[in-house]
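# Chains, contacts and geometry: an overview
What follows is each chain in one-letter form.
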Amino acid sequence: MASSSSAQVSACTYDVFLSFCGEDTRNSFTDHLYRELTRAGIHTFRDNEGINKGEELKPELKNAIEESRASIVVLSKNYAASTWCLDELLHILEQRRSCNHFVLPVFYGVDPTDIRNLKGNFAIEVKPFSKWTDDKVSKWKAALKQVADLSGHVLSGLETIFLKEIVETVYDKLDCKEVCLPLNIIGMDSHNEEINSWLEQCNLEFLVIYGMGGSGKTTLAKYIYHSNMKKFESVSFLEDIGCTCEGSNGLCELQQQLLNDISGGKRRKIPSVSRGTPLIKDAIKINRALIVLDDIVERDQLVALLGTGKINAQSKIIITTREDPDSWFNFPYWRYQKYEMKLLDDVESSQLLCHYAFGSKTPVTGFKEFVLQAIRYCEGNPLALEVLGSFFSHDNTIGYWKSQLDLLEKDVHHKIQNVLQTSYESLPYDSVKMLFLHIACFFIGKDMDYVVKILEPDYPAILGIKTLTNRCLLSVSPNKKLTMHRLLQEMGRNIVRREAALPANRSRVWLSSDSYKILRKRMGSETVEGFALDMKKLLKEDIAYKSQNLRTDALNNMDRLKFLQLNFVELNGSYENFSEDLRWLCWLGSDLGTIPPDLNMRNLVAIDMSCSKLEVFEPPMVLQSLRILNLKDSSNLTEIRNIFNIPHLETLILWNCSSLVNVCNTLGDLERLELLNMTGCNTLRYLTEPTFPFPSSLLRLFLKDCLLECTDSLPLSFSVQLDLQYLNLANSLIDSLPCYNHLEKLRVLDLSFCSRLKCLISLPSTLAELYIYGCELLERITFQSPRFTLQEFGYLGCIRLYEVEGFFKLVPIAKLDETDLGHMKWLHQYQDQEVCLVGDDEVTVGRSWHIQMLYEFDIMSTSLPDIKDPNMTPDYSSESSSLSFEVPWCPINKRLKGINVTFKYAISGDECAWFCKISKVSGVGDLMYNPKVFGKPEFGEVCIWLSYWPIGHTMNIGDIINASIIVLSGLEVLECGVSLVYSEMETLESNMECTETLGGDLSGFHLSTGAYYLCRRDFFELAEVGRLTPDWLTILAGDTIDYTGMSLNLVKLQMEKVSHIICFYVTEVRGWRKTGRPKQVNQSFTELKTIRCIIHGPQIEDVYNMSQMSKSSIGDKTLAFTSSLLEGERKYGTRTELIDETMKMLSVLKTMMEEQLQNVAVHKGTQGRTIEQQLKFCT
């Protein structure tokens, strides 16, 4: 729909009419003016371009003036001598009076005063010719005076600048950017940041806007085009290329339009596509152009329109498409930026819908809930919102709205269907189209790898899913779930609906109400390939449905059935004639006690019988095709027999099969089993076999909550599982682990809530993640390699943990001897003093307040109360937060080992963040250290931080050393001091825990500036939520840190009392890990990062992220909360909105935990103790 400004000009053929005297300026000034106007995208009429030879001039000129929005009158020396010019002027001024026609006089080589006073060449008089009558001359004189009084341009200075000023005046007056934009554009502001970044970058010619149909790609392209067109020499907008190219000569016509636009309006005939491409290729090398190619369907169209050569580096080309364009830009000269179209949020959706429905931005009274229902259906798609809003506007009554919204549950509006179905129809293979329909009907929300295994035997699933994602018909979430916009899903389902009037005669039946009728009336047909029925959902909606008396007859008639999903359905009858093509059986809550012997399972790929009443699982035949078996939460299951009949099984899930006693020992013979989940199978410890038969092929093993002990029959050594990557032994009854150095591929180890665990010695150096939450007796961890390499490390609740090799050591002073303390042995007299430690909550929560010594980066540090001790007297001191000193000569027979740095401080805020910084005026880089823990005094009290830095070998006599405390927040430094620490030349304190040099290998903490950033925290997390000033890194390190490098992690920092958002790039310390600077992790770890248990069902499907699984039993609700936060990062526009939503989630989570706490009393024995332990940990 056109905007209000374009409504009045919708009939206009031209933007500008040029009135000029041909003999004066036709081949000079006017020609130059015409070219500049055309380049600026202003459609201009002049008499030698717009009129065909042989036509009457006068009527054509009159029509051209009336069909133009504005006129430029070039008043030159002989203008008043031409009756044509004077008649043009009369008609132009008449249009100005009657139609708001804009008139701009240009005084070219003439004085406006002469025209106003009718002097010189403008002193016209009656002549003895027919046209120079008294009446005519009188009108012409009045017209000349009137035009001379208008605001215009008088030539002075350079003509090029003069032309530019004229063009800018016309452009601004006509407001060209409003002409073609849709009415009431909403949501453009959210795109500005990324779009402006692209416009400002040199040598980045292409912007590809891609997304689903109706998402606003063309509207955004028009917005960018009209907002920036006057900045370019030439502009061109080719709209709806995909549709145009369907015509016999469509591509050639588009080439001709593009060439004419970027060549300054020169009309050139293109005989064929192959001839047109090189002409355009040459033109775009020269011209600085803004080009929009709207709705490119395939790469060949792009090549035909632009060629493959160089493009003017200052040109900008915008492409809109429904396909991910990565494969299009493999030419050496083409550089592009992708922009995935963002859909409207709920507020913007409401505004757009209400505009079309009610003519306002807000719902009419009584319609708020209906509006919310409509925007939930549209999920931010602008086309759908516009179509439905316009449709609803026909009858704004509650009954009409309710009826239409009910209809949307069963059908899709034809305008929406047609736009979306275009993408479906353009799919290259029929098999990919079938794949799309299967996914839309049955597999949304399922794990991609799981779906691939099910579909691959019959369809090109890997290729198909890739094609669908490239065409923006399907998305894959970070945890590899298949997701689809609701309208796309409804479009696909609508295609299936149109196959037949009766659901029983369609290829897929997914609506439970339809499925129920088919079973009840025994209406199955051989056309059905997929069938789903959820009785639990039906019974919630309508108690009239009955789960009894449903028979298998209808299913036996479905000879082509491949996908069967039955949730809590009780069936009677024979299974003998079930389809032999069945690939997927998902029967949640099955009432069967055993697998029916007559059920043909020969071609099944996946069985999910979670929450079933199975007592014994025994395959009725050899199942060569079965890859996945999920029996999760089958609480009656006691035995699994003859599992050797599933020789190619890859995934076996027995999670929470709490009655399971026996798994046949042929389990160990399964040569392809990669994932075994036995979480919660704690009765398996009573097995009589001497060794539990774990297959050697295992990659991921879950033994959480099995209450395992390390015994002769179950040594937990996994000596033959050499490919093991993930191992979960959480809540086991072990006090130590055997050596795992042979597990060279082990990346993740979870030992959370192992209440007896005391030490972990020589863990594999290949380990990437370690989780030991709630191991209250654990004291020490060492690794095969002394360097700390963990990517993720969770240790909250390990209140006795005092050493993690290569990471930190935190020991009470009372447990250290004089050799450990060295020159700080005098601290023993204060060992009973108490100081509250803060910093790393995983270390400090639950820990003793008695004075502790921290060893980190080979720096020793401790926090003390405000004591007065002569050993604390510094050699150099300052009452500020910094000081400088010159390194003196060493005393005789002494060697400089290092320095003690102390500072006294008080608390001034809730969030304490600070660094101790040691720097030399020249030489080694700065040392910037943030300790893992430090003391926090009560408000009004004082604390002292004492540290020893073994850096004597870097300090030379005469060096100027600066020591400072850089406070980022929460502290007030009262004084600081430095003391030099010497050792005897002959008797070095070689037994000290800290070495004589700083930190060993600190390459991971070395910045490009030469400084060392000795910190294991990501302070950007604090800055992002407003708990730390956004310029904290500049305060710490100055302006020399790399803020403009390669990282694409744009940090948005929104501060209170600051009206703008400060955005900058950080390449060196963004995402800082415990191991230092972020690194490209090895591929095996990246692939392992997302791991799936493959528990698939409509209601209880779970896809587990590696780190989520490893949070042990903080709880699924907590994990869902974490996932919601990540989703919120994408959904909410501002940090404030995200924080508000986070607080709501926290409130919900708190309620959940309180409910769980109330339920603890009903649990008995081990289960109750486990929950109590986990709740204590959560609290």
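Residues numbered from 1 in each chain as written. Predicted model: local features only at pLDDT ≥ 70, side-chain atom pairs only at ≥ 80, totals over all residues. Heavy atoms only, no water.

### Some remarks on the overall build of the protein chain
On a plain count of helices and strands, the protein chain comes out with 35 helices and 49 strands. Residue burial in the protein chain is summarised as follows: out of 1179 residues, 53% are buried. Surface exposure of the protein chain reaches about 52200 Å², of which carbon and sulfur atoms provide 48%. (Helix = DSSP H or I, 4+ residues; strand = E, 2+ residues; numbered from the N terminus. Buried < 20%, exposed > 50% of the residue type's maximum accessible area, 1.4 Å probe, protein only. Areas by Shrake-Rupley, 256 points an atom, 1.4 Å probe, with all protein chains shown as cover.)

### Digging into the pattern of salt bridges
In this structure the tally under the stated criterion is 35 salt bridges. Here D723 and K745 are joined by a salt bridge, their closest N and O atoms 2.9 Å apart. Of this pair, D723 sits in the loop between β26 (700-702) and β27 (726-728) while K745 is found in the loop between β27 and β28 (748-750), placing the two residues 22 residues apart along the sequence. By relative accessible area, D723 is classed as partly exposed at 30%. On the accessibility criterion, K745 (42% relative accessible area) is partly exposed. Ionic pairing is found between K932 and D840, a salt bridge with its closest N-O pair at 2.6 Å. One end of the pair, K932, is in the loop between β42 (927-929) and β43 (933-935); the other, D840, is in the loop between β35 (837-839) and α28 (841-844), and 92 residues separate them in sequence. (Salt bridge = Lys/Arg side-chain N within 4 Å of Asp/Glu carboxyl O.)

### Here's the deal with a positive patch on the surface
Together, K410, K517, R520 and K521 line one region of the surface with positive charge. In this structure, K517 sits in helix α24 (residues 512-521). With a relative accessible area of 41%, K517 lands in the partly exposed category. (Patch = residues over 30% accessible without salt bridge, like charges linked within 9 Å, V, L, I, M, F, W, Y side chains within 5 Å. Lys, Arg positive; Asp, Glu negative; His and termini not counted. Charge placed at Lys NZ, Arg CZ, Asp CG, Glu CD.)

### Topic: the confidence of the model for the protein chain
For the protein chain, mean pLDDT is 80; residues scoring 70 or higher make up 82% of the total. Contacts from residues 49-57, a stretch scored under 50 in pLDDT, to residues over four places away or in other chains number nine contacts. Here residues 1042-1067 is a poorly scored stretch, pLDDT under 50, and it has 51 contacts once near neighbours within four places are set aside; other chains count. (pLDDT = per-residue confidence, 0-100. Contact = heavy atoms within 4.5 Å.)

### Quick look at the sheet that holds strand β39 (residues 882-886)
Strand order across the open sheet formed by five strands is β39-β45-β41-β42-β47, with mixed pairing between neighbours. In the strand order of this sheet, the two ends are held by β39 and β47 (1012-1014), each with one partner. On average, each strand axis in the sheet is tilted by 15° relative to the strand beside it, whichever way the strands run. Where β42 lies against β47, three bridges are found, and the strand directions are parallel. Note on β47: the bridge partner recorded for M928 is Y1013. (Pairing = 2+ DSSP bridges. Axes fitted to C-alpha atoms, helices over the stretch in contact; angles between N-to-C directions.)

### Details of the nonpolar core
One broad rule of soluble globular proteins: the nonpolar side chains tend to lie buried together. Membership of the largest hydrophobic core comes to 137 residues, with the highest contact counts inside it found for F531, I772, I781 and W949. Broken down by element, this core gets its largest block of residues, six residues, from strand β40 (residues 894-907). Setting aside residues up to four positions removed in sequence, W949 forms contacts with I859, K897, G898, I899, V901, C916, I918, L927 and Y929. Listed in part, the 66 residues of the second largest apolar core include I186, A374, A532 and L588. (Core = buried A, V, L, I, M, F, W, Y, C linked by side-chain atoms within 4.5 Å.)

### Topic: the packing of aromatic side chains
This model, assessed by the stated rule, comprises 46 aromatic pairs. Arranged with centres 4.4 Å apart and planes meeting at 35°, the rings of F793 and Y795 form a pair that is tilted. When the centroid spacing of 5.3 Å and the interplanar angle of 70° are considered together, the rings of F807 and F808 count as edge-to-face. Note on accessibility: F807 and F808 belong to one class, buried. Pairwise contacts between aromatic rings join F857, F903, Y905, W914, Y929, F934, W945, W949 and F1005 into one cluster. Directly above the aromatic system of Y34 lies the positively charged group of R46, at a separation of 4.0 Å from the ring centroid. Positioned above the aromatic ring of Y855, the side-chain terminus of K809 is 5.6 Å from the ring centre. (Phe/Tyr/Trp six-rings, centres within 6.5 Å; stacked < 30°, edge-to-face > 60°. Lys NZ or Arg CZ within 6 Å of the ring centre and 35° of its normal.)

### Points about a negative patch on the surface
On the surface, E526, D559, E580 and D581 cluster together to form a negatively charged patch. Note on placement: E526 falls in the loop between α24 and β14 (530-534).

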